Structures are given as structure tokens and as C-alpha cells.
Amino acid sequence: MKRSKTVTFVSAGMLSPKKRDHMLARRQLYLNYGALSLATILDAMGTETILVHGEHREPADVVRGLFEQGTLPSRLPVMVSIPSFYALPWAQVFCRLVRGADPDARIIVGGRWVVGPDPDWLQAKLPEADLLIPGLAEPIIATLITETPDVRRLPAPTPDVALNHPLVFGFERYQPSIEASRGCGMGCAFCEERDIRLEKLRSPEQIVGALAAVADQYGGSEIRPYFQASMFAPNVHWGTGLAKALRGTGLKVDWRTESRVDALTPETLACLAEAGLKVLDLGLETASPTQILNMRKSRDPDRYLQRASTLLTACRDHGIAAKVNVLLYAGETARTLDETRSFLDDHAGSIGGVSVGPVIAYGPPKIADALLLEWSSCGAVPVDPRSATDTGISMIHLSHELDAKAAEVASLELSRRYMDADAYFGLKSFSYYPRDYTRQDFDRDVAESGASQLPFRVSTGEAGQR
């Protein structure tokens, strides 16, 4: 059997979308910038690499394509990245098919949020995996393609490198990523990075250097990069420096990032707007004082909400589309939901869109049980007590008032209250839809989707019924 000398990275896809299965959800693309960081390192060392995203394709089609193009079989490992527990079923099928097609294949599996919590649990789910990597792999990636891999968990600060997007199969379809910082450490009860310290932002000069390199990769065509940071929290000095550095290069790039509602000031936001910030994903989560405390978002709900109000107003004033994330949390009731709704109503003119969903406990019992125990004190219980063991995804009945079905209904109602088709398309096309996906494509997909599942308002005739 002839073997290539290529390290194949595969970002596991999903057999079905994680929220609601409709055509629009299947169009979304999520660049696995963690896997691309590893591929970029190996490529710089002279090792031939490729990154393939499973998206919503069948695993068999991806495997077949890799063998037909000669990438597999290879003398070097197949690196499977599992970005979320929703991607685990896809990865299971993919690994089984690769092992069946090439019994000598060396399969290495990473994905810090899926592997890290309980490698033994995951190994039982993925018996074909030769090696599981539980942490960030940049410090050890060079060893993983040798016969003596180093599997220690080592510090992995934000790399000062521009991701090499052309290593991604069909990269032109994806909007690029610029990694700005890692970690958060703000202690929110539901967050996987609650105890991971926030690192210092890369300097404005480093960010602009990466932007220039990425712009070249895309041949000068329009890009709308996402500044990846679990909590993007620059100050005025940093924002001013970014705007100045961009002016010095002549680069004009619109970009998107995410932050907390209490992590940015209006003054900083003004500088970021000058530097090209157009869409800001804001983790409001709730406007209920009770739920703010339950989530451990803040010890001072009044101050938290005042800062949120000020920041949303600043987004409106500076032409930044604020996409507000809302999390229906354990203990949610009609009263707490109404408090959030009232806050959003008061700021509707400053909101570009919303993303709403009920909280979910991710992970095997080793980590999920502690969360479920805490939530039980608020009256929340898992829909299926076996789900943590079986899938690592525990759906929740939030309270006696709001079970899982009612929470889904409430999520859709809240989304539609603040978002129509125009707002939804504007936000999704900025970062998540294929770069060549047009409004005409979107309208056609809306018409072919079930209106009952869409998280935005549609007029009569825009969406068909299934």
C-alpha cells in the first residue's frame, strides 16, 4: 500500500446541527483554529499538512475523499480534532472507517474540552484512537508525529503566528481567524474556562502583522476575521494602538469578536470601532438579578446591568452590531425570564440580534455530576440521567415551571422577538456562512426550511412548512 507523507488533520463534523436541524444551520462553517494552529506549526517545520473540516458531510464521504486524493493512507498520523461533544458521534464513525480502511493507520485524537475531562471515558467511546491528547498541543505537536510522542500537559500561551489558512481544504469558503488571547478566569458557573487565567492580549502590532499576512493569504479579497478570545478585554491604550497600527499599514478590515458586557468601556469601544470592529458578541446571559448571582456572573447585579446598558448604548452609537447571548439557566422561571425580556425590550434599539438557548451540562460524569448537583439546588434536573455517561451532553429541565420543552419554546420566542431575517443573515454572513453565500442563497434556504424551527421572524411566504 503506497503511503503519503502528509499529516492529515480532520476537524470532526456533526451528524446533525447541535440546536435545530434545518438548511440554514447546515450552511454554517466553524473554522477549527486550534487544529489550524497545529497544522501551521508543522507546515513551518517542513512537514506536509492539510486540515479538512467534516462540517455536516457524512464521515464516509470525507474518508473516501482522503483516500481518493492520496492523502490517506499516510506514514504519518491522522490527527482528529473533536471541537465539542456534539462532534463525538461523527468522530466515532470517522475513526471506525479509517481503521477499517487502513488497519495500520495511527489515529491521534485531540480537543481539549472533549478529551481533557476524562480521557478514560473517551477512550471507551473511541477504541480506534491510538493516542488521546488532553490539553493544548502546540508545545508537543512536533513529537506527536514521531515514534516517541510527548503527551505532557505543558503551558501553551497564545502563539505569535498568523494561521496559515490555505492549509485548510477549501479555505476560501471560511472567514479567517486571528487568535488574540486565551483564557478567561471570571468564574462563571457554567463556563469551561472559569478557572483558566486570562492571558495578556497580543500587542496591536502583532495583531496587525497577522491581519496583513492573512489578507495576503486571501489574495486581497474581502475578509471579515474573527478575533478569537474567550474574553476580549482591551483597554483604551490598546484600542488606540490598534487603530494607529492599522492606519500605518493602510489596512482596512472589518472584524468581529466576543466579550462580556462588563469587560469593555464605551471609550475603548470607540477606539475599536475606529479600528474596524463591526460585530460584538456579548455574553449578557441574563438580566435577572437572581440568575446573575446563580451563574456567578457578578456579585453586584445592579452594577453588572448598568454596565451592560452603557455598553449596549455605546455599540449603537458607534455603529457596532451587538449580538447578545442569552442563557436560560438552572432555576429559570417565568419571573426571571420576564426580567431578562424587560431589559432587552428597553435596549432593543441597541441590539443587532440575539442567541438564546437553555444551559446544558457538557462532559462525562466526572465533571458533569458536580454541575448537576449544584443545579439541583435550584430545582433543575437532567432530562436523561444517563446522558452524561452516554453522550457527554446533558439536557436540563430548568425548573418546575420551565422544563426542557418549555425552555426551547421560550428560547425561540425570545430570539424572534428581537431578530428578523435581515438581522440574522447580517450576523451569520459576517462570520459563519460561506464567503460566497449570498442573500439569494439564504432566501432560498429559508423557503425550504421549516419556519417553526427558525430563530428569527419570517413573513408569510418566506418559509415553507415541513
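The text that follows walks through the structure, step by step, so that each part is easy to find.

**Observations regarding the overall build of the chain**
Here's step 1: The number of helices and strands found in the chain is 18 helices and 15 strands.
Here's step 2: Against the compact-globule benchmark of 23 Å for 466 residues, the chain has a radius of gyration of 22 Å, which places it among compact chains.
Here's step 3: A principal-axis box enclosing the C-alpha atoms of the chain has dimensions of 65 × 55 × 50 Å.
Here's step 4: The proportion of buried residues among the 466 residues of the chain is 55%.
Here's step 5: Residue pairs in contact within the chain that sit at least 24 positions apart in sequence constitute 73% of those at least 6 positions apart.
Here's step 6: Accessible area for the chain stands at about 19900 Å²; split by element, carbon and sulfur atoms hold 51% of it.
Here's step 7: Looking at charge distribution, the chain has the averaged site of its 51 positive side-chain charges lying 2 Å from that of its 57 negative ones.

**Remarks on the pairing of strand 2 (residues 48-53)**
Looking along a regular strand, one sees the side chains alternate between the two faces of the sheet.
Here's step 1: In terms of burial, strand 2 is largely enclosed, as 5 of its 6 residues are buried.
Here's step 2: In this sheet, strand 2 lies alongside strand 1 (residues 6-11) in parallel orientation, the contact comprising 6 bridges. By the bridge assignment for strand 2, Thr6 is matched with Glu48.

**Notes on the nonpolar core**
Here's step 1: Core analysis: the largest hydrophobic core is formed by 111 residues, its most contacted members being Trp375 and Phe442.
Here's step 2: The residues touching Phe442, leaving out its near neighbours within four places in the chain, are Leu24, Ala421, Tyr424, Phe425, Tyr433, Tyr437 and Phe456.
Here's step 3: Core analysis: the next-biggest nonpolar cluster, separate from the first, contains 33 residues, Met14, Phe85, Ile107 and Val115 among them.

**Describing the packing of aromatic side chains**
Here's step 1: Per the stated rule, a full pass over the model turns up 18 aromatic pairs.
Here's step 2: Judged by centre distance (6.4 Å) and plane angle (50°), the rings of Tyr433 and Phe442 are tilted.
Here's step 3: Residue classification places Phe442 among the buried residues on the basis of a relative accessible area of 0%.
Here's step 4: One aromatic cluster in this structure is built from Tyr424, Phe425, Tyr433, Tyr437, Phe442 and Phe456.

**Digging into the side chain of Thr333**
Here's step 1: Relative to the helices and strands, Thr333 is located in the loop between strand 10 (321-328) and helix 13 (334-346).
Here's step 2: In contact with Thr333, other than residues within four places in its own chain, are Ser399 and Glu401.

**Things to note about the sheet that holds strand 6 (residues 177-179)**
Here's step 1: The 6 strands are arranged 6-7-8-9-10-11 in an open sheet whose pairing can be described as parallel. Bordering the open sheet on either side are strand 6 and strand 11 (353-358), each of which pairs with just one other strand. Averaged over neighbouring strand pairs, the angle between their axes works out to 25° when direction is ignored.
Here's step 2: Sheet contacts for helix 16 (residues 404-418): strand 10 and strand 11; angle to strand 11, the most-contacted strand, approximately 175°.

**Remarks on helix 14 (residues 365-376)**
Here's step 1: Every buried residue of helix 14 is listed here: Ala368, Leu371, Leu372 and Trp375. Relative to the axis of helix 14, the buried residues are bounded by an arc of 100° and lie together on one face. The outward face of helix 14, more than 90 degrees from its buried face, is lined by the exposed residues Lys366, Ala370 and Leu373.
Here's step 2: Contacts made by the buried residues of helix 14 are with strand 12 (361-362), strand 13 (381-382), helix 15 (387-390), strand 14 (393-394) and strand 15 (396-397).

**Focus: the pairing of strand 3 (residues 78-81)**
Here's step 1: What you see with strand 3 is no split at all: Val78 and Val80 on one side and Met79 and Ser81 on the other are buried throughout.
Here's step 2: Two strands pair when backbone bridges link them, and strand 1 and strand 3 are joined in this way by 4 bridges, in the parallel orientation. Among the inter-strand pairings, Val10 is bridged to a residue of strand 3, identified as Val80.
Here's step 3: In this sheet, strand 4 (residues 107-110) lies alongside strand 3 in parallel orientation, the contact comprising 4 bridges. Across the sheet, the residue bridging to Val78 is Ile107, located in strand 4.
Here's step 4: Crossover handedness for the path strand 3 to helix 4 (residues 88-101) to strand 4: right-handed.

**Digging into the pattern of salt bridges**
Here's step 1: Summed over all chains, the structure comprises 25 salt bridges.
Here's step 2: Here Arg202 makes a salt bridge to Asp160, at a shortest N to O gap of 3.2 Å. Of this pair, Arg202 sits in the loop between strand 6 and helix 8 (204-217) while Asp160 sits in the loop between helix 7 (141-144) and strand 6; the two residues are 42 residues apart in sequence, bridging distant segments of the chain.
Here's step 3: Where Arg182 meets Glu179, a salt bridge forms, and the shortest distance between an N and an O atom there is 2.7 Å. Both residues of the pair, Arg182 and Glu179, belong to the buried class.
Here's step 4: A single network of salt bridges, built from pairs that share partners, joins Arg3, Asp102 and Asp104.

**As for helix 16**
Here's step 1: Taking 1.5 Å as the rise per residue, helix 16 with 15 residues should run 21 Å; its terminal C-alpha atoms sit 22 Å apart, in good agreement.
Here's step 2: Inspection of helix 16 places Ala407, Ala410, Ser411, Leu412, Leu414, Ser415 and Tyr418 among the buried residues, and these make up the whole buried set.
Here's step 3: Regarding helix 16, its N-cap is Asp403, as a side-chain oxygen of that residue lies 3.3 Å from the backbone nitrogen of Lys405 further along.

**Description of unusual backbone geometry**
Here's step 1: Note that the residue after Leu72, namely Pro73, is joined by a cis bond; omega there is 0°.
Here's step 2: Mapped onto the elements of the fold, Pro73 is located in the loop between helix 3 (59-68) and strand 3.
Here's step 3: Even without a glycine there, the phi angle at Glu55 is positive, about 50°.
Here's step 4: Of note in this structure, Arg296 is not a glycine but carries a positive phi near 60°.
Here's step 5: Structurally, the position occupied by Arg296 is in the loop between helix 11 (289-295) and helix 12 (301-317).

**What about the packing of helix 8 against helix 9 (residues 236-249)?**
Here's step 1: Where helix 8 contacts helix 9, the two axes come as close as 8 Å, and the packing angle between them is 40°. As summarised for this structure, helix 8 and helix 9 are arranged oblique, according to the angle between their axes. Once helix 8 is placed against helix 9, the crossing between them reads as right-handed. Between helix 8 and helix 9, the residues in contact are Pro204, Ile207, Val208 and Leu211 and Trp238, Gly241, Leu242, Ala245, Leu246 and Thr249, respectively.
Here's step 2: Tallied by class, the residues present in the contact of helix 8 with helix 9 amount to 8 nonpolar, 2 polar and no charged.

Conventions and cut-offs
Residues numbered from 1 in each chain as written. Predicted model: local features only at pLDDT ≥ 70, side-chain atom pairs only at ≥ 80, totals over all residues. Heavy atoms only, no water. Helix = DSSP H or I, 4+ residues; strand = E, 2+ residues; numbered from the N terminus. Rg over C-alpha atoms; globule rule 2.2 N^0.38 Å. Buried < 20%, exposed > 50% of the residue type's maximum accessible area, 1.4 Å probe, protein only. Contact = heavy atoms within 4.5 Å. Areas by Shrake-Rupley, 256 points an atom, 1.4 Å probe, with all protein chains shown as cover. Lys, Arg positive; Asp, Glu negative; His and termini not counted. Charge placed at Lys NZ, Arg CZ, Asp CG, Glu CD. Pairing = 2+ DSSP bridges. Core = buried A, V, L, I, M, F, W, Y, C linked by side-chain atoms within 4.5 Å. Phe/Tyr/Trp six-rings, centres within 6.5 Å; stacked < 30°, edge-to-face > 60°. Axes fitted to C-alpha atoms, helices over the stretch in contact; angles between N-to-C directions. Arc of directions from axis to C-beta. Right-handed = clockwise from strand over helix to strand, strands pointing away. Salt bridge = Lys/Arg side-chain N within 4 Å of Asp/Glu carboxyl O. Expected span 1.5 Å × (residues − 1). Polar contact = N/O pair within 3.5 Å; in protein donor to acceptor, adjacent residues only side chain to side chain. Parallel < 35°, antiparallel > 145°, perpendicular 65-115°, else oblique. Left-handed = near helix turned anticlockwise from the far one by under 90°. Nonpolar A, V, L, I, M, F, W, Y, C, P; charged D, E, K, R; others polar.

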